[in-house]
Amino acid sequence: MAAVKKVLIVGGGIGGLSLGIGLRKKGIEAEIVEIQQEYKVYGSGIIQQANALRALNELGVADQAMQKGSPYGQISMCTATGHEFTKAGPPPIGKFPSHLGISRRTLHDILYGEAQKLGVVFRMGTTVVGIKQTLDAVEVHFTDASKASYEVVVAADGIYSKVRDLVFGKFEPQYVNASVWRYTFPRPKGMETGYMYMGRRAKIGLIPTTRDSIYMFVVTMEGDDNPHIPKEDLVPRLRSYLDEFRVPFVQEVQPQITDADEVNYRPLEVMTVPAPWYKNRVIMIGDAAHATVPQLGSGAALAIEDAVVLAEELSKARTVEEAFRKHMDRRYERCKLIVDASEKLVEWEKMEFSGKSLPEGANIGALMGKSMMILQQPI
Ligand SMILES: Cc1cc2nc3c(=O)[nH]c(=O)nc-3n(C[C@H](O)[C@H](O)[C@H](O)COP(=O)(O)OP(=O)(O)OC[C@H]3O[C@@H](n4cnc5c(N)ncnc54)[C@H](O)[C@@H]3O)c2cc1C
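Residues numbered from 1 in each chain as written. Predicted model: local features only at pLDDT ≥ 70, side-chain atom pairs only at ≥ 80, totals over all residues.

1. Regarding the overall build of the protein chain
Helix and strand content of the protein chain: 11 helices and 19 strands. Compactness check: the protein chain gives a C-alpha radius of gyration of 21 Å against a globular reference of 21 Å for 379 residues, within 12% of the reference. Summarising its shape, the C-alpha atoms of the protein chain cover approximately 60 × 45 × 40 Å along the three principal directions. Counting over 379 residues, the protein chain shows a buried share of 46%. A separation threshold of at least 6 residues defines the contact pool for the protein chain, and within that pool the share at least 24 residues apart is 74%. (Helix = DSSP H or I, 4+ residues; strand = E, 2+ residues; numbered from the N terminus. Rg over C-alpha atoms; globule rule 2.2 N^0.38 Å. Buried ≥ 20, exposed ≤ 12 C-beta atoms within 10 Å, placed from the backbone. Contact = placed C-beta atoms within 7 Å.)

Right, here's the structure in full:
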């Protein structure tokens, strides 16, 4: 007998949708309130490594994702002149390859479609304004003036979580003085895997997302003060970062950067809440609890894993407290190790971009390898 019959999920992003699916598969009712009236998921890509695919498989959608995205092996790590110095990425897990590149919109559509099919209730354009906990229920007030009572409320509302503010207090995301630029292109001929090129001012990734498309990410430092970049500067600045890369694939895509509306520029922020990520009957998953930089391409993967584990524990435990405690036992260390490693990697990248030598013992390859081994462990 599950610890709960009905759960409210605040936020229908990757984590919230995954949890909705996971709960419905265990026979638990799930309702999602999503602040956007209509989803606006930007089209650039996302990397899902083997552990993410394993978690998506628990939700029954990994095969669909593999068909609609572009599975590939390890990433070819190259200098700015195209010389490969190593390969990076986790070993495959069973039938799941090292990596899947996929458009964010496609992944979102797959999760949303599955959640709808399984009977998750969606309330779009709605959010919470108040949360009051009693011993055996959570009373929630919504922006549409309605209120309802739930056995459990899950905050899956991202790095700026409103639920976190209401229940756990104020935690401010920190800008890390690094940014990511993204743009999508037709897939260059001969691109069989993902590539990363390490430059003096920037690091570039070219990631296949379908047989015909790729996305590029470019990691840069724009300044301590997180400057606003005017729209008219987006195209020329992004193009200029590609100048130092004497590589055919990069030179092929550079002139195709023409539309400022298609440049996705994102200053990077981190925010980790200390354990426990729950208070009585309210719990946080995904970026609401542990938002990190994408240096290990794992934020969404951790959110999906959180969802799988929480659904499992809620269906098994006799009490909500027991389910939450077991969830934390399975999730905290793993998430913290990946968050800490991602932050260390961005620190080292920034030192390299500023021409400083790395601290003694710093080894980017070794840290990435160790993190991949952690992610490969069962959840
Ligand atoms: C530049 C960049 C690149 C990345 N690349 C990767 C990658 O390659 N691989 C990877 O695994 N991860 C990657 N990530 C991380 C990944 O995007 C996040 O970790 C992931 O989206 C977190 O999912 P989430 O569901 O917790 O939060 P979100 O995706 O932020 O979803 C939150 C949802 O809640 C909704 N919401 C917000 N506030 C409210 C509210 N008050 N009420 C109701 N709904 C609300 C939002 O509209 C949204 O739908 C990257 C992140 C960045 C910044």
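Next comes the rest of the write-up.
2. Focus on the site of the ligand
Surveying the vicinity of the ligand reveals 31 residues, the closest of which are Gly11, Gly13, Gly158, Gly286 and Gly299. Looking at the shell around the ligand, the elements that each hand over two or more residues are helix 1 (14-25), strand 2 (29-34), strand 3 (45-49), helix 8 (287-290) and helix 9 (299-316). Ranked by the residues each element gives to the shell around the ligand, the list is headed by helix 9, at four residues. Of the residues that constitute the shell around the ligand, the class distribution is 14 nonpolar, 12 polar and five charged. (Near = placed C-beta within 6 Å. Nonpolar A, V, L, I, M, F, W, Y, C, P; charged D, E, K, R; others polar.)

3. With respect to the sheet that holds strand 18 (residues 278-279)
Strand order in the open sheet made by the six strands is 8-2-1-12-19-18, with mixed pairing throughout. This sheet does not close on itself; its edge strands, each paired only once, are strand 8 (121-124) and strand 18. The sheet contact formed by strand 2 and strand 8 spans four bridges and is parallel. Bridging from a neighbouring strand, Val33 pairs with Arg123 of strand 8. (Pairing = 2+ DSSP bridges.)

4. Overview of the sheet that holds strand 4 (residues 70-72)
Spatially, three strands are ordered 3-7-4 in an open sheet, and the strand pairing comes out antiparallel. The outermost strands of the open sheet, each flanked by one partner alone, are strand 3 and strand 4. Neighbouring strand axes in the sheet, compared pairwise and without regard to direction, differ in orientation by 25° on average. Here strand 4 pairs with strand 7 (residues 99-103) via three bridges, running antiparallel. Residue pairing for strand 7: Tyr72 is matched across the bridge by His99. (Axes fitted to C-alpha atoms, helices over the stretch in contact; angles between N-to-C directions.)

5. As for the environment of Leu206
The topology assignment puts Leu206 in strand 15 (residues 203-208). On the neighbour-count criterion, Leu206 (25 C-beta atoms within 10 Å) is buried. Expressed as a C-alpha distance, the spacing of Leu206 and Gly194, which sit 12 residues apart in the sequence, is 5.7 Å. For Leu206, the residues in contact, after removing those within four places along its chain, are Met191, Gly194, Tyr195, Ile214, Met216 and Phe249.

6. As for helix 9
Its 18 residues give helix 9 an end-to-end C-alpha distance of 26 Å, which sits within 8% of 26 Å, the value for a rise of 1.5 Å per residue. By the criterion of burial, helix 9 is predominantly enclosed, with 16 of the 18 residues buried. (Expected span 1.5 Å × (residues − 1).)

7. Description of the packing of helix 1 against helix 9
Two elements in contact, helix 1 and helix 9, have axes separated by 8 Å at closest approach and are oriented at 30°. Considering the angle they form, helix 1 stands roughly parallel to helix 9. Viewed along their axes, helix 1 and helix 9 form a crossing whose handedness is right-handed. Here Ile14, Gly15, Ser18, Leu19, Gly22 and Leu23 of helix 1 lie close against helix 9, whose contacting residues are Ala300, Ala303, Ile304, Asp306, Ala307, Val308, Leu310, Ala311 and Leu314. (Parallel < 35°, antiparallel > 145°, perpendicular 65-115°, else oblique. Left-handed = near helix turned anticlockwise from the far one by under 90°.)

8. Quick word on the pairing of strand 9 (residues 128-133)
Across five bridges, the pairing between strand 9 and strand 10 (residues 138-142) is antiparallel. Looking across to strand 10, one finds that Val128 is bridged to Phe142. Where strand 9 folds back on strand 10, the antiparallel hairpin that results is connected by four residues.

9. Structural notes on the nonpolar core
Counting 109 residues, the largest nonpolar core has Val10, Val153, Val154, Ile285 and Ile304 as its most contacted members. Considering each element in turn, this core owes the most residues, 11 residues, to helix 9. Setting aside anything within four residues of it in sequence, one finds Ile285 in contact with Gly15, Leu19, Val154, Ala156, Ala303, Asp306, Ala307 and Leu310. (Core = buried A, V, L, I, M, F, W, Y, C linked by C-beta atoms within 7 Å.)

10. Let's talk about the packing of helix 10 (residues 320-353) against helix 11 (residues 364-376)
Viewed as axis vectors pointing N to C, helix 10 and helix 11 meet at an angle of 160°, and their least axial separation amounts to 10 Å. The orientation of helix 10 relative to helix 11 falls into the category roughly antiparallel. Both helix 10 and helix 11 take part in a crossing whose hand is left-handed. Between helix 10, through Arg334, Leu337, Ile338, Ala341, Lys344, Leu345 and Trp348, and helix 11, the contact on the second element is made entirely by Ile364, Leu367, Ser371, Ile374 and Leu375. A breakdown of the residues in the contact of helix 10 with helix 11 according to their chemical character gives nine nonpolar, one polar and two charged.

11. Looking at the pairing of strand 5 (residues 75-79)
Counting buried positions along strand 5 yields four of five residues, so the element is predominantly enclosed. Pairing analysis gives four bridges linking strand 5 to strand 6 (residues 84-88), with the strands arranged antiparallel. In the sheet register, Ile75 faces strand 6, and the bridge partner there is Ala88. Once strand 5 ends, the chain turns through four residues before running back antiparallel as strand 6, passing Gly82 with a positive phi of about 95°. Both strand 5 and strand 14 (residues 195-198) contribute to a ladder of four bridges, which runs parallel. Across the sheet, Ser76 pairs through a bridge with Tyr195, a residue of strand 14.

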